[in-house]
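Here's the letter readout for the chains.
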Amino acid sequence: MGFPSFLIIFLALCPAFLAQIIEDTTFVIDGTVKIAETDDNYVCATLDWWPKEKCNYNDCPWGLASLINLDLSHPFLANSIQAFKHLRLRLGGSLQNRILYDVGNLESTCHPFTEQEDGLFGFSKGCLYMDRWDELNRFFNKTGVLVTFGLNALRGRQRTGKRVWKGNWDSSNAYDFLSYTSSKGYQIHSWEFGNELSGRGVGAKVDAEQYGKDVIHLKNLIDQLYKHFQPRPLLLAPGGFYDKEWYDTFLEVSGTGTVDALTHHIYNLGPGSDLNLVSKILNPLHLNKIAETFSNLTQTIEMTGPWTSAWVGESGGAFNNGAPDVSNTFVNSFWYLDQLGMAAKYHTKVYCRQTFIGGNYGLLDTSTFVPNPDYYSALLWHRLMGKEVLDVSSNASLYLRSYAHCTRHREGVTLLLINLSDQTHYGVTIESTASITLHVKEKSNHKSSFVHRLKKTIAWVGSKSSDVTLSREEYHLTPQDGDLQSRTMLLNGKPLQLTENGDIPSLSPVLVNLKSPISVPPLSIKFIVLPYLSSPGCS
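Since we're looking at a predicted model, the values are computed, not measured.

S.K.: Mind showing me how you'd approach the environment of Thr32 here?
M.R.: Examined against the element boundaries, Thr32 turns out to sit in the loop between β1 (21-30) and β2 (36-37). Each C-alpha atom, one on Thr32 and one on Asp391, is 9.3 Å from the other, the two residues being 359 residues apart in sequence. Engagement of the side chain of Thr32 in a polar contact is seen with the side chain of Asp30, the distance being 2.5 Å.

Here's what the structure looks like:
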């Protein structure tokens, strides 16, 4: 190649080189003690009641994804659930407070949802027929689902204002439903009372004191109907948006030991119609705002209800179905994985994504049942990030987010790095403040296992015997063709797509020599597993 030709190519590429910033940063993992602990089945998703007529912003994205009409025989559905081994599903949503259960002594005929102008959320009361409930439970049993079911908490109350509902909860239909469910031996992990009735409410609200008394009543019903069951189902409440005064009063009224988990909802990206959603997702200052809610709820539990724990019972990013071409694309994983990491640091035991399927924010596409990018983000988290949360600090920009956990069900520590910057390429060094033990199996001719203790960096391992090579696992997530709003996620440069048989693809890492540099390119996500690193916080 002649000099003029080389010069032309160099000048053409020069702007790209100049636009990218290279920045070195150090992460310090404190492995001496865990700072929080999640449930072993932290990742959770929801199934909702919304019928296909549910529309927002001239978009009707629900199709046949309701609990009432979802095609449970679709092979992609079972495969995508079973990939988690025991996926936690929360069954509920706005219309759960309009559901009647077709069992026992109902005083009126039970009908499917229909559009009703003066109805709550624009719909009439709906019906869960017991043959459908049987069908759902056979599916849950087959796929190993951990079920949380949201009960109707408005039955018996009267609307006295625009959103205000008063009166005692009529538990008769719920009692018959719980009795039917327990008599069938259906495994329900937890029952949740109502949906979004706390504080100012969404569509409807109930006074905290009244709500607390009704939860005591529900607790008594569960104890009565499940007295021969071990373990008994948990009781969750209130399944709404956090309001300190309301939550404090509710806990004080319901009393010690009544509520097992305090559930709250998060939609911190705003409405699905917002044209600035992508910029919000990539703005670390916006992502940080929700930390105040997590912190305040933690304080409420410590001060008013130390017997309970925090769950995110529903979180879809953008409310009203999510946003097409955002909630179902690669860019949403920046928000989603950051939420999983942040919530865990604030002692959240379970995090339920709205939805598993349905709307624009489903982990699966509503029509094809093909996984969206966030599905693979959830699955990687579930497989790699253990329940023990470790503190990680750095001198990095706010645009490089970091979360560290003990690796799930095996030796090691996993670091999640999320690069929100569109220009900065980060070079990363990992250090530890604790004495770290690296375990490596040696060949049989060695007298003992190979153990080294390091106090400083764990990005390198020093001198080793010649037949031992230490490596780390890297799972690098990027969008196809560099398009942040692509529906296809790449893992280490390869598209994540279902196999010809409809199976979930293998999520294989790249093995990298532990001595080699760590880099996180712009607008990408990386899980880094250090499999030979153990710490006291992981024991």
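S.K.: Which parts of the structure should I look at to understand the pairing of strand β20 (residues 424-432)?
M.R.: On any regular strand, side chains alternate: one points to one face of the sheet, the next to the other face. Summarising the sheet, β1 and β20 pair through nine bridges and their orientation is parallel. Residue pairing across strands places Thr26 opposite Thr429, the latter belonging to β20. Pairing analysis gives three bridges linking β20 to strand β27 (residues 518-520), with the strands arranged antiparallel. Counted as the bridge partner of Val428 is Ile518 from β27.

S.K.: Quick question: what am I supposed to make of a nonpolar patch on the surface here?
M.R.: Residues Leu285, Leu398 and Tyr399 make up a contiguous nonpolar surface patch of roughly 300 Å² in combined accessible area. Mapped onto the secondary structure, Tyr399 falls in the loop between β17 (385-394) and β18 (400-407).

S.K.: In this structure, what is going on with the state of the cysteines? I would like to understand it.
M.R.: Under the defined criterion, the tally for this structure stands at four disulfides. The disulfide partner of Cys44 is Cys352, and the gap between their sulfur atoms is 2.2 Å. Every disulfide takes its handedness from the sign of the S-S torsion; for Cys44 and Cys352 that torsion is 85 degrees, giving right-handed. Here Cys352 lies in strand β16 (residues 348-353) and Cys44 lies in strand β3 (residues 43-47), a separation of 308 residues in the sequence. Exposure class is identical for Cys44 and Cys352. Each is buried. Here Cys110 engages in a disulfide with Cys127; their sulfurs sit 2.0 Å apart. On the sign convention where negative is left-handed, the bridge of Cys110 and Cys127, at about 115 degrees about the S-S bond, is right-handed.

S.K.: Looking at this structure, how should I read the side chain of Asn328?
M.R.: With respect to the element layout, Asn328 can be found in the loop between β15 (318-319) and α10 (332-345). The exposure class assigned to Asn328 is buried, which follows from its relative accessible area of 8%. Here the side chain of Asn328 touches Asp325 through a polar contact of 3.1 Å, landing on its backbone nitrogen.

S.K.: Mind showing me how you'd approach the packing of aromatic side chains here?
M.R.: Aromatic ring pairs are reported here in terms of the distance separating the ring centres and the angle at which the planes meet. For the structure on display, the rule yields 29 aromatic pairs. Arranged with centres 6.3 Å apart and planes meeting at 80 degrees, the rings of Trp49 and Phe149 form a pair that is edge-to-face. You can see Trp49 sitting in the loop between β3 and α2 (75-82) and its partner Phe149 sitting in strand β7 (residues 146-151), a full 100 residues away along the chain. Accessibility expressed as a relative area gives 1% for Trp49, which makes it buried. Residue classification places Phe149 among the buried positions, given a relative accessible area of 1%.

S.K.: I would appreciate a short explanation of the pattern of salt bridges in the present structure.
M.R.: A pair can form between side chains of opposite charge whenever their charged atoms are brought close. For the structure shown, the criterion picks out 20 salt bridges. The closest approach of N and O atoms between Arg90 and Glu192, which form a salt bridge, is 3.1 Å. On the criterion of sequence distance, the pair formed by Arg90 in strand β4 (residues 88-91) and Glu192 in strand β10 (residues 190-193) is long-range, its members being 102 residues apart. Of the charged contacts in the structure, one is a salt bridge between Arg353 and Asp374, with a shortest N-O distance of 2.8 Å. With Arg353 in strand β16 and Asp374 in helix α11 (residues 373-384), this pair connects stretches of sequence that are 21 residues apart. Asp374 carries the same exposure label as Arg353, and that label is buried. Within the structure, one salt-bridge network assembled from shared partners comprises Lys34, Glu37 and Lys387.

S.K.: I tried to follow the nonpolar core on my own but got confused; where do I start?
M.R.: Across soluble globular proteins, nonpolar side chains have a tendency to be buried as a group. Membership of the largest hydrophobic core comes to 128 residues, with the highest contact counts inside it found for Trp133, Phe177, Phe334 and Phe356. Phe177 has contacts with Tyr101, Val103, Leu128, Met130, Trp133, Phe149, Leu151 and Trp191, leaving out every residue within four places of it along the chain.

S.K.: Looking at this structure, I do not really get helix α5 (residues 208-225). What am I missing?
M.R.: Since one α-helical turn is 3.6 residues long, residues separated by three or four positions face the same way. When the terminal C-alpha atoms of α5 are compared, their 26 Å separation across 18 residues agrees well with the 26 Å that a helix rising 1.5 Å per residue should span. Along α5, the residues that are buried comprise Ala208, Gln210, Tyr211, Gly212, Asp214, Val215, Leu218, Lys219, Leu221, Ile222 and Leu225. Looking at the packing, one finds that the buried side of α5 touches β7, α4 (172-183), β10, β11 (234-240) and α6 (244-254). For α5, the N-terminal cap is Asp207; the gap from its side-chain oxygen to the backbone nitrogen of Glu209 is 3.0 Å.

Cut-offs used in this document
- Residues numbered from 1 in each chain as written.
- Predicted model: local features only at pLDDT ≥ 70, side-chain atom pairs only at ≥ 80, totals over all residues.
- Heavy atoms only, no water.
- Helix = DSSP H or I, 4+ residues; strand = E, 2+ residues; numbered from the N terminus.
- Polar contact = N/O pair within 3.5 Å; in protein donor to acceptor, adjacent residues only side chain to side chain.
- Pairing = 2+ DSSP bridges.
- Patch = residues over 30% accessible without salt bridge, like charges linked within 9 Å, V, L, I, M, F, W, Y side chains within 5 Å.
- Areas by Shrake-Rupley, 256 points an atom, 1.4 Å probe, with all protein chains shown as cover.
- Salt bridge = Lys/Arg side-chain N within 4 Å of Asp/Glu carboxyl O.
- Disulfide = S-S within 2.5 Å.
- Buried < 20%, exposed > 50% of the residue type's maximum accessible area, 1.4 Å probe, protein only.
- Phe/Tyr/Trp six-rings, centres within 6.5 Å; stacked < 30°, edge-to-face > 60°.
- Core = buried A, V, L, I, M, F, W, Y, C linked by side-chain atoms within 4.5 Å.
- Contact = heavy atoms within 4.5 Å.
- Expected span 1.5 Å × (residues − 1).

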